Amino acid sequence: MTNSVDLDITGMTCASCANRIERKLNKLDGVTATVNYATEKARVEFPETVSPEQLLETVSQAGYAASLPPAPESPSAVAGDESDADPTRPLRDRLLVSTVLSVPVVALAMVPAWQFTYWQWLSLVLAAPVVVWGGWPFHRAAWVNLRHGATTMDTLVSVGTLAAFGWSLYALFLGTAGTTGMTHPFELTIERTDGSGNIYLEAAAGVTTFLLAGRYAEARAKRRSGAALRALLQMGAKDVAVLRDGPDGQRTEHRIPVADLAVGDEFVVRPGEKVATDGVVTSGSSAIDASMLTGESVPVEVGVDDAVVGATVNSGGRIVVRATRVGGDTQLAQMARLVEDAQNGKAEVQRLADRISGIFVPVVIALAVATLGYWLGSGGGWTAALTAAISVLIIACPCALGLATPTALMVGTGRGAQLGILIKGPEVLESTRRVDTVVLDKTGTVTTGRMSLREVVPTPGEDADEVLRIATLLEDGSDHPVARAIVAAGRDAGIAAAPVEDFASVDGLGVQGVVEGRAVVVGRPRLLADWSLDLGPELEEALRGALATGATPVAIGWDGRARGVLTVADTVKPTSAQAISRLRELGLTPWLLTGDNAEAARAVAAEVGIDADHVVADVLPADKVDVVRRLQDEGAVVAMVGDGVNDAAALATADLGLAMGTGTDVAIEASDLTLVRGDLRVAPDAIRLARRTLSTIKSNLFWAFGYNVAAIPLAAAGLLNPMLAGGAMALSSVFVVTNSLRLRGFRAET
């Protein structure tokens, strides 16, 4: 028998850390592990012969820490656990202090006119805490990697900054750099200098600070990975009015926390309240708005013995529900697990810098050792040999690397925000390059997600405007979404409110009342049949036509005759067809995915230009995940665009998730890109911007390494003076920033 567990992992600093832990766990007999660097979790399947304690010990032996997460008792219990301290705060404090201390060090080194007497000693005082305390995360990670025979960018940062700082200490205390009046003149000449007179404090402090900024931005992005679950779990009700038997045998309401609700308890749900948990209606009837969970735009009519789902909203009458599932068994909790599983199932984030460093770091260290050996072998002496070898390490530690990703991401996300596009982090960008399929949720994404009046079909001889007027006057007394759509259309037509006598709502069927002396009924055909009002062939045809397109028709009659049919439906956004055309131009194949019925889905697909064989309807939230996975199994790289809670797991499962900003917090948190305006035309713009930002990051990384690699031969030859080293770093940084600023010129096609 195989068990599974999710381990919380701490101490990882890059994707190679996740790979190392994964390899260690998978070496255990019968263990299959997947470690996700982004969410800092490990999903492990293990046989009964392996205990969870062995798994924790294996992770510990790899140099990291692991713990078993506590099992939540209920969604509300997990949601209330959000007051944890921000784990990124220590890193932010480290960055702020390092920045304040580094700025004067870099300024003094680069501007000879500011180099007053004993300036070098002030630089040492300011740079020491930055290199030692500020750079501690890099030094610690480098030590862990070293113990396991691995090198990453942390190794290069640690070795480079410590080498620069260590040589500066040697030059200050044992060399000539500490003498009174010492300066670094502004010379970019290539000549051999006395290494004992050179200090590299600005390189050590500057590189540390720049890379701390990148590490902090990354940590903030990773922290958001759990926000989808918190947002999802907070959707549930916090307390509930449960019915209890009193001493006199009468049942009375008692407010209790949802966590205390048990299977079999009966509770009251009033209009406007959330259903506390999954259950079955035992009395009353109402319309349940389940759009937040299912995406279905039309409220579901429920009565006795009908099932209801926790976190949906009662938009009609008072009902009493018997709880059938509570805590972790509810559909809401199951959806939370879907989102978490989808996030854990994502491929590990492969940082471009770490991939390059896998080759670059060992080569640089080998070059430094070879340089040391060459100078000693040629009789150059220890001073010249150490100067050249350490110069190689210093110049190979690319200052611009700390700017390559953050600056491009900062400019790209800033420009995106101006255009209504929010990019969550650098790991998002890689997916945009490979995406070839886009799955679109229907309700709220391709359509408005709101009911509106589509058409009024009067009986022969009846005026359509009069039919709308009478329907508007009567429906003004109802809170049903269909009624609100009719009233909104009437208000747009200039119809003012008027008194209605004997207004009554017939549960699940419609409304009736007296309008201007006429006995009027509006609702389902069955309600009119109860009043012996025959629809006739014309209205019957209108009803069938509306149902065939997935719309909701209601009939109206007064004074003994049926007078017309009003069709209400979710309407397609006017920009959706144009957006889908632009997605095709980017090489993406569009699919339509919806919880609505097949007729409505096919009608919308035809209107916006999606092939009929690329429509999947009548799907539950778990089915949406399955559809995305099926496309991925067939070799597609999938982007998912959605807006509802029901889309959250699919958004997290997809290679690239795009959430409409007009949607729910859960969908937005589970996505990679957020389209603030709710206009689908922003989706192709978002993909273009993300691709452009990714290419900018790649070119930044190339030049960040390129400038330093070009200077390595000079360092190995002993020809690197401090100003030349500083100039190379400054030039690479200026290029990276300038290249990133080009993203400000990105233009949307909308």
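Residues numbered from 1 in each chain as written. Predicted model: local features only at pLDDT ≥ 70, side-chain atom pairs only at ≥ 80, totals over all residues. Heavy atoms only, no water.

Per an unreviewed UniProt entry, the protein chain is named Cation-transporting P-type ATPase B, and its organism is Knoellia flava. As stated in UniProt under Catalytic activity (unreviewed entry), the record for the protein chain gives "ATP + H2O = ADP + phosphate + H(+)". (UniProt positions renumbered as here; feature names shortened; annotations may be inferred.)

**A word on the sheet that holds strand 1 (residues 2-10)**
If you walk across this open sheet you meet the four strands as 2-3-1-4, and the pairing is antiparallel. Pairing within the sheet leaves two strands with one partner each, and these edge strands are strand 2 (32-36) and strand 4 (65-67). Strand-to-strand twist in this sheet, taken as the mean axis angle between neighbours without regard to direction, amounts to 30°. With respect to the sheet, helix 2 (residues 52-61) is in contact with strand 1, strand 3 (41-47) and strand 4, its orientation differing from that of strand 1 by roughly 35°. (Pairing = 2+ DSSP bridges. Helix = DSSP H or I, 4+ residues; strand = E, 2+ residues; numbered from the N terminus. Axes fitted to C-alpha atoms, helices over the stretch in contact; angles between N-to-C directions. Contact = heavy atoms within 4.5 Å.)

**Structural notes on the sheet that holds strand 9 (residues 286-289)**
Across the sheet, which stays open at both edges, the three strands sit in the order 10-9-12 with antiparallel pairing between neighbours. Two strands in the sheet have a free side with no partner beyond their single neighbour: strand 10 (300-302) and strand 12 (313-314). In this sheet, strand 10 lies alongside strand 9 in antiparallel orientation, the contact comprising three bridges. Bridging across to strand 10, A287 finds its partner in E301.

**Some details on helix 5 (residues 119-134)**
Under the 1.5 Å per step criterion, the end-to-end length of helix 5 is 22 Å for 16 residues, consistent within 8% with the ideal 22 Å. All buried positions along helix 5 are accounted for by W119, Q120, S123, L124, L126, A127, V130, V131 and G134. (Expected span 1.5 Å × (residues − 1). Buried < 20%, exposed > 50% of the residue type's maximum accessible area, 1.4 Å probe, protein only.)

**With respect to the UniProt feature "transmembrane region" (unreviewed entry) in the protein chain**
UniProt tags residues 95-112, 118-136, 156-179, 199-217, 356-376, 382-405, 701-720 and 726-743 as "transmembrane region" (unreviewed entry). When the span residues 95-112 is considered, its composition is 89% helix and 0% strand, and the gap between its end C-alpha atoms is 27 Å. As annotated, residues 156-179 has a helix share of 75% and a strand share of 0%, and its two end C-alpha atoms lie 31 Å apart.

**Digging into the packing of helix 17 (residues 464-475) against helix 18 (residues 481-492)**
Two elements in contact, helix 17 and helix 18, have axes whose closest approach is 9 Å; the angle formed by their N-to-C orientations is 125°. In terms of orientation, helix 17 and helix 18 fall into the oblique class. In this structure, helix 17 crosses over helix 18, and the sense of that crossing is left-handed. For the pair helix 17 and helix 18, the contacting residues are L468, A471, T472 and E475 in the first and A483, I486, V487, A489, G490 and R491 in the second. Partitioned by chemical class, the residues of the contact of helix 17 with helix 18 number six nonpolar, two polar and two charged. (Parallel < 35°, antiparallel > 145°, perpendicular 65-115°, else oblique. Left-handed = near helix turned anticlockwise from the far one by under 90°. Nonpolar A, V, L, I, M, F, W, Y, C, P; charged D, E, K, R; others polar.)

**Quick look at the pairing of strand 8 (residues 278-283)**
The sheet contact formed by strand 8 and strand 13 (residues 319-325) spans five bridges and is antiparallel. Of the residues in strand 13, the one forming a bridge with S283 is V320.

**Focus on the packing of aromatic side chains**
Under the counting rule described, the total for this entry stands at three aromatic pairs. Centroid distance W167 to Y170: 4.8 Å. Interplanar angle 40°. Geometry classified as tilted. Linking W167 with Y170, this pair stays in helix 7 (residues 153-173), spanning three residues, or about one helical turn. Given the relative accessible area of 5%, W167 is considered buried. (Phe/Tyr/Trp six-rings, centres within 6.5 Å; stacked < 30°, edge-to-face > 60°.)

**Quick look at the confidence of the model for the protein chain**
Atom-level detail of predicted coordinates should not be read off regions where pLDDT is low. Of all residues in the protein chain, 83% attain a pLDDT of 70 or more, and the chain-wide mean is 80. Here residues 72-83 is modelled with pLDDT under 50, and outside its nearest four sequence neighbours on either side it reaches 18 contacts, counting other chains as well. Low confidence marks residues 345-350, where pLDDT is under 50. Its contacts with residues over four positions away, or in another chain, come to 19 contacts. (pLDDT = per-residue confidence, 0-100.)

**Overview of unusual backbone geometry**
Trans is the prevailing form of peptide bonds, just as negative phi is the prevailing case for residues other than glycine. Positive phi outside glycine occurs at Y118, with the angle close to 65°. Structurally, the position occupied by Y118 is in the loop between helix 4 (89-110) and helix 5. Look at Y118 and you get partly exposed, because its relative accessible area is 44%.

**Notes on a nonpolar patch on the surface**
A cluster of nonpolar side chains, namely F116, L122 and V125, defines an oily patch on the protein surface of about 270 Å² accessible area. The class for V125 is exposed, based on a relative accessible area of 58%. (Patch = residues over 30% accessible without salt bridge, like charges linked within 9 Å, V, L, I, M, F, W, Y side chains within 5 Å. Areas by Shrake-Rupley, 256 points an atom, 1.4 Å probe, with all protein chains shown as cover. Salt bridge = Lys/Arg side-chain N within 4 Å of Asp/Glu carboxyl O.)

**Some words on the packing of helix 4 against helix 5**
Where helix 4 meets helix 5, the closest approach of the two axes is 9 Å, and the angle between their N-to-C directions is 150°. Compared by their axis directions, helix 4 and helix 5 come out roughly antiparallel. Handedness of the crossing formed by helix 4 with helix 5: left-handed. Of the residues in helix 5, those touching helix 4 at D93, R94, V97, S98, L101, S102, P104, V105, L108 and A109 are W119, L122, S123, L126, A127, P129, V130, W133 and G134.

**Considerations on the pattern of salt bridges**
Per the counting criterion, the structure on display carries 24 salt bridges. R43 is paired through a salt bridge with D6; the nearest N and O atoms lie 2.2 Å apart. In this pair, R43 is assigned in strand 3 and D6 in strand 1, connecting sequence segments 37 residues apart. Look at the salt bridges and you will find they share partners, linking E466, R469, E516 and R518 into a network.

**Overview of the environment of A471**
Looking at the secondary structure, you find A471 in helix 17. In the structure, A471 is positioned 84 residues away from A555 in sequence and 9.4 Å away in space, judged by C-alpha atoms.

**A word on the side chain of Q120**
Looking at the secondary structure, you find Q120 in helix 5. One polar contact links the side chain of Q120 to the main-chain carbonyl oxygen of A177, over a distance of 3.0 Å. Ignoring sequence-local partners within four residues, the contact set of Q120 consists of L172, A177, G178, T179, M182, I199 and L201. (Polar contact = N/O pair within 3.5 Å; in protein donor to acceptor, adjacent residues only side chain to side chain.)

**Brief notes about helix 21 (residues 576-585)**
Along helix 21, the residues that are buried comprise S576, A579, I580, R582 and L583. Along the axis of helix 21, the buried positions cluster into a sector of 160°, meaning they face one direction only. In the stretch just after helix 21, G587 is the one whose phi turns positive, near 90°. (Arc of directions from axis to C-beta.)

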